[in-house]
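A closer look at the structure
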Amino acid sequence: MVRTWTLPLEQVMTNLLSNALKYGAGKAVEVRVKADSDRATLAVRDHGIGIPLDDQARIFDRFKRAVSSQDYGGLGLGLWITRQVVEAHGGVIRVKSGPGNGATFSVELPYTLSHRA
């Protein structure tokens, strides 16, 4: 049986992987999953263009981007949707990055998923 939260969480993974491939400059993408006593963490890391510190908070807003849509396609909705899904399940999403240093997006979800959406 497919649980109702499975499809949105698949979208989170799809969004993070597609961004890593898009902005990763053709370099390897790393995916890690870690389990703690009360939560699971998913980390997706690319080795691409990176995100300036000033842009890191706003990239999770609707229609906001760190780079030009002419250079990299998209509407600026993927990370916004990802944050909405993660937070609706009681989790958090973070980014660690710097220009030219790639980006690591980490999603932490509690084992007891709460549906706020």
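You'll find the structure just up there.
Residues numbered from 1 in each chain as written. Predicted model: local features only at pLDDT ≥ 70, side-chain atom pairs only at ≥ 80, totals over all residues. Heavy atoms only, no water.

With that out of the way, let us pick up the overall build of the chain. The helix and strand inventory of the chain stands at three helices and four strands. Element order for the chain, N to C, with α for helix and β for strand: α-β-β-α-α-β-β. Buried residues in the chain amount to 32% of all 117 residues. Taking the contacts inside the chain whose residues are at least 6 apart along the sequence as the reference set, 56% of them involve residues at least 24 apart. Per element, the accessible surface of the chain, about 7200 Å² overall, is 55% carbon and sulfur. (Helix = DSSP H or I, 4+ residues; strand = E, 2+ residues; numbered from the N terminus. Buried < 20%, exposed > 50% of the residue type's maximum accessible area, 1.4 Å probe, protein only. Contact = heavy atoms within 4.5 Å. Areas by Shrake-Rupley, 256 points an atom, 1.4 Å probe, with all protein chains shown as cover.)

Turning our eyes to something else, we now look at unusual backbone geometry. Backbone geometry places Ala25, a non-glycine residue, at a positive phi of 55°. Structurally, the position occupied by Ala25 is in the loop between helix 1 (6-23) and strand 1 (30-35).

Side chains that are nonpolar tend, in soluble globular proteins, to be buried together. Grouped together as the largest cluster of nonpolar side chains are 18 residues, with contacts concentrated most on Leu16, Ile59, Phe60, Ile93, Val95, Phe105 and Val107. In this view, Phe105 contacts Leu16, Leu42, Ala43, Val44, Ile51, Ile59, Phe60, Leu79, Ile93, Arg94 and Val95; residues no more than four positions away in its chain are not counted. (Core = buried A, V, L, I, M, F, W, Y, C linked by side-chain atoms within 4.5 Å.)

Let's shift gears to helix 3 (residues 78-88). Turning to helix 3, its buried residues are Leu79, Thr82, Val85, Val86 and Ala88. Gly90 occupies a position one or two residues after helix 3 and carries a positive phi of about 80°.

What follows deals with the packing of aromatic side chains. According to the stated counting rule, one finds one aromatic pair in the structure shown. Measuring from centroid to centroid gives 6.1 Å for Phe60 and Phe105, while their planes differ by 75°, and the two rings are edge-to-face. Here Phe60 is found in the loop between helix 2 (53-56) and helix 3, whereas its partner Phe105 is found in strand 4 (residues 103-110), with 45 residues between them in sequence. For Phe105, a relative accessible area of 8% gives the class buried. (Phe/Tyr/Trp six-rings, centres within 6.5 Å; stacked < 30°, edge-to-face > 60°.)

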